[in-house]
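# Structure assessment
Okay, here's what each chain looks like letter by letter:
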Amino acid sequence: MVQINCIVNDYIVIEHQQTGLNPSKRFDISNIDFDILIREFAKTKKQNLVMKDLQDLIQVRIESMVMPNPGRIDYLLRYQETITSYNSEQDKATIEKTFMDLANSMDTEQQRYVREGFTSDEELSLYDMLFSDNLSPKDFKAIKKVSVDLLAKIKAKIAELDHWTDKQETKAAVDNLIRDTLWADLPECYDEESISRYRQQIYEYMYTRYRAVA
């Protein structure tokens, strides 16, 4: 317990969000070594006490993963199902292993944007929205480029606008930019219906993340 608490105390810090956004506090858990936590959990005899701390850490970690990439919502659903099972006094050993497996899979997911060749989770998020299993290798390469270029264009456009979500004309400017870029740059296999759907998803994603940006 002492070892685990030391690890957590060493790496968890409270950070304030930037001025202009809704004031809140969040845990920075990016440097926590979950492998060490899992090994220490396996050795301790007071696993019931430690499990609550692990649950809280995993909850914070999932929230930090879902924020830049809503496509990861399945991690939150899996976590909630595991919590429900744990609280209903089902097989504790099996459920505790599920927690450990979930933490390990999150390690892999949080580094996926690097493996895919992106520089941020936001680029990966747009790529995940545009992804389709029936794409050719050439199409995969094309939508990666679209994801990177479109995100840069949207951010640049938002930076030009004054409180862009306050006026219909400025919201339309961002929406039209997304539409025009998708129509111009997506591979031919994307039809009108799919482009319209992706346009809406990307617009809503950017609106949610940047609605407070002046």
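Everything in this summary refers to the structure shown in the same document.

Criteria and cut-off values
- One numbering rule holds for all chains: residues counted from 1, following each sequence as written.
- Selection of residues for local features in this predicted model requires a pLDDT of at least 70, selection of side-chain atom pairs for listing and counting requires 80 or more, and totals for whole chains, interfaces and linings are taken over all residues.
- The side-chain numbers reported here are obtained from all heavy atoms of the structure, hydrogens and water having been left aside.
- Numbering goes from the N terminus for both helices and strands, where a helix is a DSSP run of H or I of at least four residues and a strand is a run of E of at least two.
- With a 1.4 Å probe rolled over the protein chains alone, any residue whose accessible area is under 20% of its type maximum counts as buried; one over 50% counts as exposed, and the rest are partly exposed.
- In this analysis, two residues are considered to be in contact whenever any of their non-hydrogen atoms come within 4.5 Å of each other.
- In short, Shrake-Rupley with a 1.4 Å probe defines the accessible areas, and a residue's cover is counted only from the protein chains shown.
- Among the buried residues, those of types Ala, Val, Leu, Ile, Met, Phe, Trp, Tyr and Cys that are joined through side-chain atoms within 4.5 Å form a nonpolar core.
- A pair is scored as a salt bridge if a Lys or Arg side-chain nitrogen falls within 4 Å of a carboxyl oxygen belonging to Asp or Glu.
- Only the six-membered ring of Trp is used, alongside the rings of Phe and Tyr, when aromatic pairs are assigned; centres must lie within 6.5 Å, and planes under 30 degrees apart are stacked while those over 60 apart are edge-to-face, with the rest tilted.
- Only Lys NZ and Arg CZ are tested; either one counts as a charge over a ring when it is within 6 Å of the ring centre and within 35 degrees of the ring normal.

All right, on to the overall build of the protein then. Summing up its helical and strand segments, the protein has 10 helices and two strands in all. Going from the N terminus to the C terminus, the protein shows its helices and strands as α-β-β-α-α-α-α-α-α-α-α-α. For the protein, with 214 residues in total, the buried portion stands at 38%. Looking at the protein alone, contacts between residues at least 24 apart form 62% of all its contacts between residues at least 6 apart. In the form shown here, the protein has an accessible surface area of approximately 12,800 Å², with 50% of it arising from carbon and sulfur atoms.

With that settled, consider the nonpolar core. Ranked by size, the top nonpolar core spans 28 residues in total, and within it Ile154, Leu182 and Ile202 carry the most contacts. When residues of this core are assigned to their parent elements, the largest contribution, seven residues, is made by helix α10 (residues 192-210). Those residues in contact with leucine 182 that sit more than four places away from it in its chain are Leu130, Val146, Leu150, Ile195, Tyr198, Arg199 and Ile202.

A few words on the environment of tryptophan 164. Secondary-structure assignment places tryptophan 164 in the loop between α8 (137-160) and α9 (168-185). Classification of tryptophan 164 by relative accessible area gives buried; the value is 0%. Taking C-alpha positions, tryptophan 164 is 7.4 Å from arginine 211, a pair spaced 47 residues apart along the chain.

Under the criterion given, the structure shown has eight salt bridges. For arginine 209, the salt bridge identified is with glutamate 122, shortest N-O distance 2.9 Å. Pair noted here: arginine 209 is in helix α10 and glutamate 122 is in helix α7 (residues 121-130), with a separation of 87 residues, a long-range link. Accessibility expressed as a relative area gives 29% for arginine 209, which makes it partly exposed. Judged by its relative accessible area of 8%, glutamate 122 falls in the buried class.

Once that is clear, we can look at the packing of aromatic side chains. Tallied over the full model, the rule gives seven aromatic pairs. Here phenylalanine 131 and phenylalanine 140 contribute two aromatic rings whose centre-to-centre distance is 5.5 Å and whose plane-to-plane angle is 20°, an arrangement assigned as stacked. Classification of phenylalanine 140 as partly exposed rests on a relative accessible area of 24%. Aromatic side chains tryptophan 164 and tyrosine 207 sit 5.9 Å apart centroid to centroid with 75° between the ring planes, which places their arrangement in the edge-to-face category. Taken together, the positions of tryptophan 164 in the loop between α8 and α9 and tyrosine 207 in helix α10 put the pair 43 residues apart, joining distant regions of the chain. What makes tyrosine 207 partly exposed here is its relative accessible area of 29%. A connected cluster of aromatic rings, assembled from ring pairs, spans Phe118, Tyr127, Phe131 and Phe140. Cation over ring: arginine 197 sits above tyrosine 198, and NZ or CZ is 5.1 Å from the ring centre.

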